[in-house]
Amino acid sequence: MSVITSSSFAKLLWPGLNSIYGKSYNDYPVEWDKLFEKNSSDRAYEEDLGLSSFGLAAVKNEGAPIQYDSERQGFTSRYNHVVYALGFIITREIYEDDQYGKVGAQKAKALARSMRQTKEIVGSNIYNRAFDSNYVGGDGVELISALHPNVAGGVFSNKIATAADLSEAALEQATIDIAGFRDDRGLLIAARPEKLVIPYQQQFEVKRILGSDGRVGTDLNDPNVLKNEGIFSNVITNHYLADPDAWYILTNVKDGLKYFERRGDAFEMDNDFDTENAKFKATARYSFGWSDPRSIYGSAGA
């Protein structure tokens, strides 16, 4: 256990201190909430259960009985809520001798910053591990895969067939692929792109691809259909994505990537009777995950 003593912040005991290095950085606005559906929870964990829908109707010949279909139980996605916590301890002496009142306030701000960035990283890891077979969902495969199983049989894909960097052609192919999404029984669903999610390294390339009135990189007079149709008008730049080449598309399919908040951020402090040290802590309990992989499409880059 690390205790912050007066020797740790000696300069706080002397007049003339201007600022504390490293405690006044700017932070990006909250980003995780644009990547997940937010839900609350009052249980130890939450589960989403998929259902296989009905198939196509069959021809009924005169006098013949109707064919009856049934739904099947699908895959179960579990969201286990995890407690994240961090704290610090300062002695009573340093708190009493601090001439600027900065020890408690500055460390509390730093604690809040740590909790905030922890949530950003935990959330972005769902994307960072999307192509990693070591991290699977309820259907037993990774989030973005060409081998998502259907309960009724067969597989479907939510990734580009040939890994590709972000480009006009890749986004057009992604739009076509998403329009062809089908449910568990092979019936067409009205899926469409809603958000393009990119790492910050791709922000200029995206502006070139989507910002020009004409097609990028050609001397033709063809219009930029992606811009004209407004297919990717909502671009989300995330600063916590690990792969600078990977890109993702969130679709309009519901019950996809989810965040469950079991307990929001709570900040507390107390004093230790024997040592007279002051203890400060922050805790939160939440989970990130996914249920229906049709809610996302992506490429790991070429």
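Just so we're clear, the structure is a prediction, and the values are computed from it rather than from any experiment.

> Give me the lowdown on the sheet that holds strand β1 (residues 3–4), citing residues and values where you can.
Ordered in space as β1-β5-β12-β11-β2, the five strands form an open sheet in which the pairing is mixed. Each end of this open sheet is capped by a strand with a single partner; those strands are β1 and β2 (37–40). In terms of strand pairing, strand β11 (residues 257–271) meets strand β12 (residues 278–290) through 12 bridges, oriented antiparallel. Residue aspartate 270 lies in a different strand from β12, and its bridge partner there is lysine 279. Running at roughly 15° to β12, helix α2 (residues 103–128) makes contact with β1, β5 (82–90), β11 and β12 of the sheet.

> Quick one: what's the story with the layout of surface pockets, residue by residue and with numbers?
Looking at the largest pocket, its volume works out to about 500 Å³. Broken down by secondary-structure element, the contributors of at least two residues to the lining of the largest pocket are β3 (45–52) and β4 (72–80). The dominant element in the lining of the largest pocket, judged by the number of residues it contributes, is β3, at five residues. In terms of residue class, the lining of the largest pocket is made up of nine nonpolar, six polar and eight charged. Its volume calculated, the second largest pocket comes out at about 430 Å³. Ile126, Val136, Phe288, Gly289 and Trp290 are the residues nearest the centre of the second largest pocket, which is lined by 18 residues in total. For the lining of the second largest pocket, the secondary-structure elements that each account for two or more residues are β4, α2 and β12. Here the residues of the lining of the second largest pocket sort into nine nonpolar, seven polar and two charged.

Reading the values: the criteria
Residues numbered from 1 in each chain as written. Predicted model: local features only at pLDDT ≥ 70, side-chain atom pairs only at ≥ 80, totals over all residues. Heavy atoms only, no water. Pairing = 2+ DSSP bridges. Helix = DSSP H or I, 4+ residues; strand = E, 2+ residues; numbered from the N terminus. Contact = heavy atoms within 4.5 Å. Axes fitted to C-alpha atoms, helices over the stretch in contact; angles between N-to-C directions. 1 Å grid on protein atoms, 1.4 Å probe; cavity = no way out; pocket = protein on both sides within 12 Å on 5 of 7 lines; lining within 4 Å. Points joined across faces, edges and corners; volume = space filled by probe spheres on them. Nonpolar A, V, L, I, M, F, W, Y, C, P; charged D, E, K, R; others polar.

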